Amino acid sequence: MSARIAVIYYSATGNVHKLAKGIAEGAESAGAEVRLRRVAELASDQSIAAHPAWAAHSDTTSEDVVVASNADLEWANGFAFGSPA
């Protein structure tokens, strides 16, 4: 049985997203099954739109990265969590 790693992160402007992708790629290259997931956005559309970098990243990842669910936590036997400072 191979390792199943859930990489779950929050990133407003994309920096933590890049780190999470790197962790996911490293785990995959070591033979693990990986689920890269983002935390659901709680900020208002107005708040996001007021910050161009945040809006650009939100538009990019809203389609590409699935929102984390309880099923991802149940599936994994290892975790990596990422959030901004």
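> Outline the environment of A6, listing residues and values.
Relative to the assigned elements, A6 resides in strand β1 (residues 4-9). Judged by relative accessible area, A6 falls into the buried class, the value being 0%. Along the primary structure A6 and A80 are separated by 74 residues, whereas in three dimensions their C-alpha atoms are 6.4 Å apart. In this structure, A6 is in contact with R35, D72, W75, A76, G78, F79 and A80, ignoring residues within four places of it in sequence.

> Describe the sheet that holds strand β2 (residues 33-38), listing the residues and the values that go with them.
Backbone hydrogen bonds hold the strands of a sheet together, and the pairing may be parallel or antiparallel. Here we have 3 strands laid out as an open sheet, ordered β2-β1-β3, and parallel in their pairing. On the outer flanks of this sheet lie β2 and β3 (78-82), each paired with one strand and no other. Adjacent strand axes in the sheet meet at a mean angle of 15° when their direction is disregarded. The sheet contact formed by β1 and β2 spans 6 bridges and is parallel.

> Now, about helix α1 (residues 15-29): what can you tell me, with residues and values included?
Between its first and last C-alpha, α1 extends 21 Å over 15 residues, near the 21 Å set by a 1.5 Å rise per residue. Taken together, the buried positions of α1 are occupied by V16, H17, A20, A24 and A27. On an axial view of α1, the arc spanned by its buried residues comes to 100°, and they lie on one face. Away from its buried face, by an angle of more than 90 degrees, α1 presents the exposed residues N15, K18, L19 and S29. Those residues of α1 hidden inside the fold are in contact with β1, β2, α3 (52-64) and β3. Following α1 by one or two positions, G31 has its phi on the positive side, about 100°.

> Got a sec to walk through the nonpolar core? Specific residues and values, please.
By size, the foremost hydrophobic cluster in this structure holds 11 residues: I5, V7, Y9, V16, A20, A24, A27, A32, V34, V65 and A80. Among the elements that make up this core, the one with the highest residue count is α1 (4 residues). Look past the residues within four positions of I5 in its chain and what remains in contact with it is A27, A32, E33, V34, R35, W75, A76 and G78.

> Explain the pattern of salt bridges to me, using residue names and the numbers behind them.
Pairs may arise between side chains of opposite charge once their charged atoms sit close together. Applying the stated criterion across every chain, the model contains 2 salt bridges. Among the charged side chains, a salt-bridge network with shared partners connects R35, R37 and D72.

Conventions and cut-offs
- Residues numbered from 1 in each chain as written.
- Predicted model: local features only at pLDDT ≥ 70, side-chain atom pairs only at ≥ 80, totals over all residues.
- Heavy atoms only, no water.
- Helix = DSSP H or I, 4+ residues; strand = E, 2+ residues; numbered from the N terminus.
- Buried < 20%, exposed > 50% of the residue type's maximum accessible area, 1.4 Å probe, protein only.
- Contact = heavy atoms within 4.5 Å.
- Pairing = 2+ DSSP bridges.
- Axes fitted to C-alpha atoms, helices over the stretch in contact; angles between N-to-C directions.
- Expected span 1.5 Å × (residues − 1).
- Arc of directions from axis to C-beta.
- Core = buried A, V, L, I, M, F, W, Y, C linked by side-chain atoms within 4.5 Å.
- Salt bridge = Lys/Arg side-chain N within 4 Å of Asp/Glu carboxyl O.

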